[in-house]
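Remarks on the overall topology
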Amino acid sequence: MSNEISPAFDAIITALKEEKVIAYPTEAVFGLGCDPDSENAVQELLALKNRSWEKGLILIADNYERLCPYIDDEQLSDIQKETIFSSWPGPVTWVIPAKKTTPKWLTGKFSTLAVRVTTHPLVKQLCSGYEKPLVSTSANLSGLEPCRSVEEVRQQFGNRVPILVGEVGGRKNPSEIRDALTGKLYRQG
């Protein structure tokens, strides 16, 4: 596989730089994402989903280092970090204390942030090419099932979001969500 970025991939990177919401395949479903540092893009994503800002969002990345500007991992013990790292890359999202500088449009009403290091090759390439993590929430309109194909994204969103064309991974369920401090399970994977 060549390291050359395709024109379509380059267009998705450009859309992110222009503070647009994009759709992209993940391990189980298509995700909607945007630049986590763009309040305008996050507000557009929340409006598309009809989702309250208070719920907070997930950041997805190709490696742990990209998440560090947003999380306060000094609050984690070595054992807690070991548990997190043993599940990554993979389908486990961890809720970790957020840095005080992390925007409320990401954390919602919480002092924590949900983060995940992905195994999906296209998402890894996207985060690497953009040099940032992405906001990640399932691509679906409120009340509808999450999209699992480009066609389903187009049916639900029309031309409102650029789509990174690709296949979702083989997982049936979205990522498991756990609390990094307590290990509590919030969502079964």
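Residues numbered from 1 in each chain as written. Predicted model: local features only at pLDDT ≥ 70, side-chain atom pairs only at ≥ 80, totals over all residues. Heavy atoms only, no water.

Per an unreviewed UniProt entry, the protein chain is named Threonylcarbamoyl-AMP synthase, and its organism is Xenorhabdus khoisanae. Word for word, the UniProt comment on the protein chain under Sequence similarities (unreviewed entry) is "Belongs to the SUA5 family. TsaC subfamily." The record in UniProt for the protein chain states the following under Catalytic activity (unreviewed entry): "L-threonine + hydrogencarbonate + ATP = L-threonylcarbamoyladenylate + diphosphate + H2O". (UniProt positions renumbered as here; feature names shortened; annotations may be inferred.)

**Description of the packing of aromatic side chains**
All told, the structure shown has two aromatic pairs when counted by the stated rule. Taking 6.1 Å as the distance between ring centres and 45° as the angle between the ring planes, the aromatic pair formed by Y64 and W88 counts as tilted. With Y64 in the loop between β3 (58-61) and α3 (78-86) and W88 in the loop between α3 and β4 (92-97), this residue pair connects regions lying 24 residues apart in the sequence. Like Y64, the residue W88 is buried in the burial classification. (Phe/Tyr/Trp six-rings, centres within 6.5 Å; stacked < 30°, edge-to-face > 60°. Helix = DSSP H or I, 4+ residues; strand = E, 2+ residues; numbered from the N terminus. Buried < 20%, exposed > 50% of the residue type's maximum accessible area, 1.4 Å probe, protein only.)

**Structural notes on helix α5 (residues 121-130)**
Among the residues making up α5, those that are buried are V123, L126, C127 and Y130. Here the buried residues of α5 occupy an arc of 95° about the axis, which is enough to place them on one side. In the segment just after α5, E131 is the residue with positive phi, at about 65°. (Arc of directions from axis to C-beta.)

**Observations concerning the side chain of D35**
Looking at the secondary structure, you find D35 in the loop between β2 (30-33) and α2 (39-49). Given a relative accessible area of 8%, D35 falls into the buried group. Within the structure, D35 has its side chain in polar contact with the backbone nitrogen of D37 (distance 2.7 Å). At 2.5 Å, the side chain of D35 and the side chain of Y130 are in polar contact. Ignoring sequence-local partners within four residues, the contact set of D35 consists of L16, A41, V42, Y130 and K132. (Polar contact = N/O pair within 3.5 Å; in protein donor to acceptor, adjacent residues only side chain to side chain. Contact = heavy atoms within 4.5 Å.)

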